Amino acid sequence: MRKFFKNLMIKFYTFMVSEHIIKYVVSALLCFGILFLVGVLNSTVMSDIFSILIGFLFGQIFIGILNVVMGNLEDATKVTEDTEKLLSIYKGKDNRKDFIYNGSNCLVAYKHLIVNKGYKFKVEDHPDSEFVLDEFIMNNYKELFLAHSQSSKSNSATIRMDGFEKRGDEYVIHLGRSDYYKHLVTNRSIDFRLADDLTLRDVFEYGPKISSPEESKMSNHVGINALVYLSDGEMLLPKRKKDSTISKNKVTSAIAMKLDFPEDGDIDENYLFDKCIKTGLIKRTKFNKEWLETKDIKIDFLGLGLNLYEGGKPQFYYRVVISDLTRLEYLTYLKDHMNDNFGKLDSDKCIYVLEKDSLKFVGDDGLTFKHYTLSDVEKGRSASGKKKLSYEKSFAANIWHDIQ
């Protein structure tokens, strides 16, 4: 019943933010309804004029309030989280990741390309390879962009995965360029219903296979996801803010971000498999820069694959273990630096330090866990905080890679 009601509300929200002509009819009817009620009470000419103004005003206010109240449904109108629906579209057995973690079951739709077994990798960067939007997407650009009306937005260049290949005894990853707005009108609005009731998934990624990076019409910038563990075995788990472009109010991997450009140097193997993760530690976990030189940081590249929820967006997955950073040292530092601002896009509201063994998957998209507060650690108590939150699907794929 809860899922049915949520789906009904999503459809209503999609209708109200769309360009369907009927939406304006509904708005007009609201105006006339108020006009009629006022007119019944007073039939003077001034009352009629006043009624028109009040009716129009209240109709617009109603729509405005509806957009704010239902803003949390925006993500679901842009990118579906219905795993079973996606698995019915993309039928390959490799797309179904059904696994057990801490005694709980998790099902996620994810197409892995590589599970790293100690392979060699080479990065070939092509800065002049610029992604061009398909004509159909360009013709619907305005409507697709308006799908993100409740999200914080800022454009910038992005690093696109143009493809990968096996060459001899190593995998070669080809990188090109796109930008964040192209991402918003492709991967991040793959399931948004346009005026003709089509979605980008209907047109470009209708199955039964997801397009390869070489063939994809999506912007497909490289996503970076890393699980981060402290010396006592705790996992760091951030929670996104309500204005993120995706995963609003959800928990993610400790590092969950697009692959940024290096401040200096080239995009090479050293950057992709080491330096970008260290940069992510600072940006996403508020890591002390000095710790990069003083702490023992072990980074493992777990593999890569395609996020089926976002139309085949490429994701690179990692595990990071900081073997000499205790929960006390981290929480003490985090207390004074949680609000350090490293960018407006997809920022986090808070970061939980949780007992790894307490993390369990619940239902379709829920997590339960216990987490430490600074007071718990200072007083030598066990984790006292308890949470049940929704999670970003790519986090589940990160867990899947971690246990392979």
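Parameters at a glance
- Residues numbered from 1 in each chain as written.
- Predicted model: local features only at pLDDT ≥ 70, side-chain atom pairs only at ≥ 80, totals over all residues.
- Heavy atoms only, no water.
- Helix = DSSP H or I, 4+ residues; strand = E, 2+ residues; numbered from the N terminus.
- Buried < 20%, exposed > 50% of the residue type's maximum accessible area, 1.4 Å probe, protein only.
- Areas by Shrake-Rupley, 256 points an atom, 1.4 Å probe, with all protein chains shown as cover.
- Salt bridge = Lys/Arg side-chain N within 4 Å of Asp/Glu carboxyl O.
- Core = buried A, V, L, I, M, F, W, Y, C linked by side-chain atoms within 4.5 Å.
- Contact = heavy atoms within 4.5 Å.
- Pairing = 2+ DSSP bridges.
- Polar contact = N/O pair within 3.5 Å; in protein donor to acceptor, adjacent residues only side chain to side chain.
- 1 Å grid on protein atoms, 1.4 Å probe; cavity = no way out; pocket = protein on both sides within 12 Å on 5 of 7 lines; lining within 4 Å.
- Points joined across faces, edges and corners; volume = space filled by probe spheres on them.

### Considerations on the overall build of the protein chain
Right, on to step 1. When helices and strands are counted, the protein chain shows 14 helices and 14 strands.
Right, on to step 2. The buried share of the protein chain, taken over its 404 residues, is 52%.
Right, on to step 3. Here the protein chain has roughly 19,200 Å² of accessible surface; of this, 55% comes from carbon and sulfur atoms.

### Some words on the pattern of salt bridges
Right, on to step 1. Summed over the entire model, instances satisfying the criterion amount to 24 salt bridges.
Right, on to step 2. A salt bridge links Lys 120 to Asp 169, with the nearest nitrogen and oxygen atoms 3.4 Å apart. Within this pair, whereas Lys 120 is found in strand β3 (residues 120–130), its partner Asp 169 is found in the loop between β4 (157–167) and β5 (170–179), the two being separated by 49 residues in sequence.
Right, on to step 3. Ionic pairing is found between Arg 319 and Asp 300, a salt bridge with its closest N-O pair at 3.0 Å. With Arg 319 in strand β10 (residues 313–322) and Asp 300 in strand β9 (residues 297–307), this residue pair connects regions lying 19 residues apart in the sequence.
Right, on to step 4. Using a relative accessible area of 21% as the deciding quantity, one classes Asp 300 as partly exposed.
Right, on to step 5. Each of Lys 298, Asp 300, Arg 319 and Asp 402 takes part in a single network of salt bridges with overlapping partners.

### Looking at the nonpolar core
Right, on to step 1. Met 235, Leu 237, Phe 361, Leu 367 and Phe 395 are the most contacted members of the largest nonpolar core, which totals 51 residues.
Right, on to step 2. It is strand β2 (residues 104–115) that provides the largest number of residues to this core, a total of six residues.
Right, on to step 3. Not counting chain neighbours up to four residues away, the residues in contact with Leu 237 comprise Val 251, Thr 252, Cys 350, Ile 351, Tyr 352, Leu 354, Leu 367, Phe 369 and Phe 395.
Right, on to step 4. Counting residues in hydrophobic clusters, the runner-up holds 49 residues, among them Phe 121, Leu 230, Met 338 and Val 377.

### Topic: the pairing of β9
Right, on to step 1. For β9, the tally of buried residues reaches nine of eleven residues, placing the bulk of the element in the interior.
Right, on to step 2. Bridge count for β2 against β9 is five bridges, and the pairing is antiparallel. By the bridge assignment, Ile 114 is partnered in β9 with Leu 304.
Right, on to step 3. Both β9 and β10 contribute to a ladder of ten bridges, which runs antiparallel. Each residue of the ladder has a partner; that of Leu 304, found in β10, is Phe 316.
Right, on to step 4. Counting the residues in the hairpin turn of β9 and β10 gives five residues, including Gly 311, whose phi is positive at 70°.

### Topic: the environment of Tyr 229
Right, on to step 1. Along the chain, the position of Tyr 229 falls in strand β6 (residues 223–229).
Right, on to step 2. Along the primary structure Tyr 229 and Ile 297 are separated by 68 residues, whereas in three dimensions their C-alpha atoms are 10.0 Å apart.
Right, on to step 3. Beyond its immediate stretch of four places on either side in the chain, Tyr 229 contacts Tyr 101, Glu 234, Met 235, Arg 319, Val 320, Val 321, Ile 322, Lys 356 and Asp 402.
Right, on to step 4. Only 2.8 Å separates the side chain of Tyr 229 from the side chain of Asp 402, close enough to count as a polar contact.

### Details of empty space enclosed by the protein
Right, on to step 1. Applying the stated criterion to the full structure yields one cavity of 30 Å³ or more.
Right, on to step 2. Quantified by volume, the largest cavity comes out at close to 30 Å³.
Right, on to step 3. As for the largest cavity, its lining consists of Val 108, Ala 109, Tyr 110, Asn 307, Tyr 309, Tyr 317, Lys 393, Ser 394 and Ala 397.

### Regarding unusual backbone geometry
Right, on to step 1. Omega for the bond connecting Gly 207 with Pro 208 falls within 30 degrees of zero, at 0°, which places this linkage in the cis form.
Right, on to step 2. Its place among the elements puts Pro 208 in the loop between α9 (200–204) and β6.
Right, on to step 3. Phi angles above zero are rare outside glycine, and Asp 197 is one such case at about 70°.
Right, on to step 4. By secondary structure assignment, the location of Asp 197 is in the loop between α8 (180–184) and α9.
Right, on to step 5. For Asp 197, a relative accessible area of 45% corresponds to the partly exposed category.
Right, on to step 6. Unusually for a residue other than glycine, Lys 286 sits at a positive phi of about 60°.

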